[in-house]
Amino acid sequence: MKGLVWACFLGFTAGCGGAEEVAVGQEGPAASQRLALEEGPASVAPPKPGSRGREFWLAVPTNVSSGSATELTLRISGETAATGTVRIPGLVHAQGFSVAPGQVTSVTIPAGAALATANGVENKGLQVSADGDVTVHVQSRATRSTESFLALPVSALGTEYVVASSGSTQASKGTQLSVVGTEAGTRVSFTRQGNTSTFTLNQGEVFQYAGTNNGGADLTGSILTADKPVAVFSGSRCASAPGASSGTCGLQVEQLPPTKSWGRYFLTMPLAGSRGADTFRITASADGTRVRVNAKEVSLRRGQTYQTSLQSAGVISSNQPVLVAQYAHGGPSMMLVPPVAQFLNEYTVTAPPSTASGKSYINVIVRGNTWHQVMVDGKMIPLFKLRYITWNYYGAQLEVTPGTHRLTSPLPFGVSVYGVGTDVTYAYPGGMSLVPVAAVHSLKLTPRYRIGQVGGEVCVTAKVADVNGQGVPDINVGFTALRWPVQAVTIATGAEGEAAWCQTRTSQSFNLLKATVNEQVEYGFMAWKVSQSPPVVSAGSDTSGWVNSELTLSGSASDPDGSPLTYQWSVTPGEDVPPGATCTFGSEDQLITSFQCDAAGTFTVTLTANDGTSSVSASAQVTQAYASDVTLCNLPRYTRDLERELCGFTTYFGDDSAIVEAWFTVDGGEPLAVTPDLNAGFVRLPYTFTEGDHVITLTARNANGRVTTKQGMMRVDLTPPVVTVVSPQEQAELDSPIVNVTTAVEDESPVTVTTQFVHSTTVESGTGSVTHTVDLVNTDWSMVLVQARDAAGNFTEVLTPVYVRP
C-alpha cells in the first residue's frame with residue numbers, strides 16, 4: 001500500500017485504481033517473458049527437464065526379502081504421449097510400454113532384477129528408453145517392506161557424488177550403495193573413512209555394497225567419483241526407524257543426484273501420520289559449509305552430515321551446496337528434499353495399492369499468492385489445509401487414494417508422495433529440475449527501475465551469476481509484481497545467465513517488482529507514463545583549488561515528470577594536465593560530492609542524470625594549482641660520504657600561502673626543523689649518516705595549513721665491490737696473447753669494470769659478470785689488470801699473472 005501511495009504521489013494517477021489481469025508463465029532459453037496484460041495472460045511453457053528424460057540406467061537394490069518374494073514395478077508417466085522399452089541386458093529381458101499424457105503406466109519387471117550381491121558386480125542394470133520425456137518412479141515391495149524412489153535420467157547424472165543415507169541402528173544392516181555404469185570402461189573411485197578403492201564398470205553393470213550385520217557401517221559422507229557419468233543409489237536393505245517396533249526394519253532407497261545439482265535453499269513439511277518428529281540429515285559437499293535450520297546454524301566439512309529432528313515445517317539454507325534427506329518417524333522410509341529452485345510446474349505421480357492399515361499422502365509446497373491456482377486432480381487445494389512455512393510459502397498434507405494423481409500450477413511448486421502403515425511405508429519426491437542452482441552466487445536486477453511510455457514495452461533483466469561473475473544458465477528466476485492482484489511469473493535464465501521480464505501497458509500504471517532465486521531477493525520498479533520529459537541538470541559553478549585538496553561539487557537535477565533520477569559524475573583532464581593524473585569523487589552517484597586531483601591543470605567535471613528513459617549531462621570547469629612546492633637538491637643515489645649537507649627549496653604560491661615551517665626527516669625519525677631563505681626558500685641541514693640505505697624527506701607547511709612533501713633515497717656505501725677474475729685463472733698458460741677475460745663482480749650498486757685500462761662495461765644491477773677481449777701484446781709472463789668502481793666511488797683492483805707461450 002505504501003508503494004501505491006508513493007506511485008500515485010509521483011503522478012501515476014491513472015494506474016491507482018482498479019485491478020489488472022493476472023498473467024503467469026514461464027519460458028526457457030529465450031529468457032524473456034512479455035505480458036500484454038490488456039490482451040490476456042501469456043501461455044505457460046514447461047520447465048527445463050530434470051528428473052524427466054528419455055534414457056535411464058537404474059538398479060533395484062536388495063530388499064529385506066529378495067528373489068520371488070519381491071515385487072518390482074516401474075511407474076512411468078509423461079506430459080506428452082511416448083513409447084519406449086524396458087531392457088535388462090543381463091537377464092535377456094525386454095518389454096515395451098506406452099504412456100498417455102498425464103497418466104501413469106505400470107511396468108512389472110522380473111524379481112530377479114533385484115541385486116543380490118553384498119559386495120561385488122552384477123550385470124543387472126535396467127535401461128528405460130523412450131521417444132519422449134518421461135518420469136520414472138521405481139517401487140520395490142516385499143512382505144512388510146515397501147519403498148519407492150524417483151529415477152534420474154542419464155542427462156542428469158554426473159561424475160561426483162557424496163553418499164547420504166540413514167544412520168546405523170541396532171536393527172539396521174547398515175548402508176546399501178549401488179553404482180550403475182552407463183558407458184563401457186567406466187573407472188569408479190570410492191573413498192570411505194579415508195580408504196579408497198577402485199573398480200571398473202561397463203554399461204549396465206552394477207556394483208553393490210550391502211551391509212549384512214546388525215549395526216552395520218553408515219556410508220554417509222563417503223565420496224564416489226568416476227571418469228564417466230554413473231547412476232548412484234543409496235539406502236539400506238533393512239533400516240529401522242525412530243518409534244518403530246523393536247527389531248523391525250524395512251528397505252530405504254533413493255537415487256542420489258550428483259553434487260553439481262545440489263541446492264542451497266529448502267522448505268520442508270512433516271510427513272502426515274508420523275507419531276513423532278521426522279529426522280533430517282544434511283550432507284555437505286565442501287569444507288566451510290554453513291547450514292541454517294530454522295534459527296540454528298552449524299558448520300560442516302566436506303562429507304560431514306548434520307542430523308536434526310523437525311515436527312513442523314522448516315526452512316533449511318546453506319552458503320554452499322548440500323543434500324537434504326528426510327526420514328519418517330515410525331517407518332523406514334527415506335526421501336530426498338528437492339531445493340526450492342528445482343520445483344516443477346507439473347507432476348504425475350502414483351500411490352501404490354495398500355491394505356486398510358495403510359494410507360498414502362501427497363505433500364505440496366506452494367507460493368501463497370498462487371495457492372488457488374494449484375490443481376490436484378483438477379481440484380483446488382482447500383484453504384484450511386494450508387500451513388504457513390515462511391514468507392509467501394505454504395504447505396499442505398493431502399491424503400490420496402491409491403492410483404494416479406495429476407498436479408499442476410502456473411508457477412513451480414514442490415511435491416512429495418509417501419505412505420505410512422503396517423505393510424506400506426515409502427516416500428519419494430514427485431520430481432525435480434536438476435539445474436545447477438548451487439552455482440548461483442548473486443542476483444542483480446538491471447536496471448533496478450525502468451520507466452517507459454504508455455503503449456511501449458518495459459523490460460527488467462535479472463542477472464544470475466556464479467562466484468566468478470559468470471552467468472548461470474537454466475536457473476528459474478521468480479518475478480512478482482507487488483500490487484493487487486499479485487502477478488507472478490517464473491523465467492529461466494539463458495546462456496548468459498539473464499532472464500528478462502517485459503510488459504506492455506496501454507494505460508498509465510506501475511509495478512513494484514521482486515525477483516527471487518533460492519533465498520536471494522532483489523527489488524525493482526516498473527512504470528508507464530503518458531509523456532516523458534528529460535531531466536534538467538546543472539553541474540554547478542566553475543571552481544578552483546589546490547592539488548591534493550578536496551573541493552566540493554554542488555550539482556543539481558530535477559525531472560519535470562517527477563520520475564526518480566540516478567546520478568553519475570565523470571571527469572575529463574585538460575591538455576595542460578600531465579599524463580597519469582588521478583582524480584577521485586567522494587560519492588560519484590550523488591548530487592553533492594567531494595573532488596580531489598593529484599595534478600595541476602584544468603579538469604572538466606560532468607554530471608549526468610537518468611530518469612529511466614533518457615540521460616542529460618551538464619559540465620563545469622575545475623582548475624587545480626599547487627599550494628606550495630618542495631624540491632630536494634644535492635642528493636646522490638650512492639655516496640661514500642658519512643657527513644653530508646641536506647638541502648632543498650620550498651616555494652609558495654599566492655600571497656596568503658607563505659611557508660610557515662619546514663623540516664627534514666631521515667628514515668622516518670624525528671622532524672629536523674629548517675628555516676627557508678626569504679628569497680628562494682632555500683633550506684640546508686648538515687647530517688651525519690651511517691652506512692646503508694636512507695630515506696630523506698623534506699616537508700613544508702604553508703599559511704593555509706596545506707602540507708607538501710618530497711622524498712628521496714640515498715645509500716651510504718663504504719664497501720668496495722668484490723671482484724673475481726673467472727678466466728683466465730692465475731698462472732694459466734695461454735697459446736695466444738689475445739685472451740677473453742671474464743670477471744665476476746658483487747656489489748650493492750652499479751659497478752663499472754675496466755680491463756687493461758682499455759675496455760669498460762657497467763654492470764647495472766651491481767652483481768654480474770663481464771667479458772672483455774684484450775691483447776696482452778707480449779709473450780712470456782704478463783699481468784691481466786681488472787679494475788672495478790661502484791656508483792659510490794669504492795674501488796677494487798685485481799692483478800692476475802698469466803704465461804703466454806712463445
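Structure: above.
Figured I'd write up the structure that's included with this text.

What counts as what
Residues numbered from 1 in each chain as written. Predicted model: local features only at pLDDT ≥ 70, side-chain atom pairs only at ≥ 80, totals over all residues. Heavy atoms only, no water. Disulfide = S-S within 2.5 Å. Helix = DSSP H or I, 4+ residues; strand = E, 2+ residues; numbered from the N terminus. Buried < 20%, exposed > 50% of the residue type's maximum accessible area, 1.4 Å probe, protein only. 1 Å grid on protein atoms, 1.4 Å probe; cavity = no way out; pocket = protein on both sides within 12 Å on 5 of 7 lines; lining within 4 Å. Points joined across faces, edges and corners; volume = space filled by probe spheres on them. Nonpolar A, V, L, I, M, F, W, Y, C, P; charged D, E, K, R; others polar. Core = buried A, V, L, I, M, F, W, Y, C linked by side-chain atoms within 4.5 Å. Contact = heavy atoms within 4.5 Å. Pairing = 2+ DSSP bridges. Axes fitted to C-alpha atoms, helices over the stretch in contact; angles between N-to-C directions.

Turning to the state of the cysteines, a few remarks are in order. Enumeration over the complete set of coordinates arrives at 3 disulfides. With its sulfur 2.0 Å from that of its partner, Cys633 forms a disulfide with Cys647. Taken together, the residues Cys633 in strand β49 (residues 628-633) and Cys647 in strand β51 (residues 643-652) connect sequence positions 14 residues apart. Exposure class is identical for Cys633 and Cys647. Each is buried.

It is worth spelling out the layout of surface pockets at this point. Considering only enclosed or pocket space, the second largest pocket measures out at about 330 Å³ in volume. Around the second largest pocket, the lining comprises 21 residues; the ones closest to its centre are Tyr265, Val340, Tyr393, Thr516 and Asn518. Broken down by secondary-structure element, the contributors of at least two residues to the lining of the second largest pocket are β35 (476-481) and β38 (509-517). Top contributing element to the lining of the second largest pocket by residue count: β35, with 4 residues. For the lining of the second largest pocket, the per-class residue count stands at 10 nonpolar, 8 polar and 3 charged.

Leu74, Ile76, Val128 and Val136 are the most contacted members of the largest nonpolar core, which totals 62 residues. Filtering out sequence-adjacent residues up to four positions away, Leu74 remains in contact with Val86, Thr105, Ser106, Val107, Ile109, Leu126, Val128, Val136, His137 and Val138.

In space, the 4 strands of this open sheet follow the order β41-β48-β47-β44, with mixed pairing throughout. Of all strands in the sheet, those bounded by a partner on one side alone are β41 (543-546) and β44 (566-573). Sheet twist, expressed as the mean angle between neighbouring strand axes with direction ignored, is 30°.

The next thing to look at is empty space enclosed by the protein. If you walk through the whole model with that rule in mind, you get 4 cavities of 30 Å³ or more. Here the largest cavity defines a volume of roughly 160 Å³. Broken down by secondary-structure element, the contributors of at least two residues to the lining of the largest cavity are β17 (263-268), β23 (334-336), β25 (359-367) and β30 (403-420). Taken together, the residues of the lining of the largest cavity sort by class into 12 nonpolar, 5 polar and no charged.

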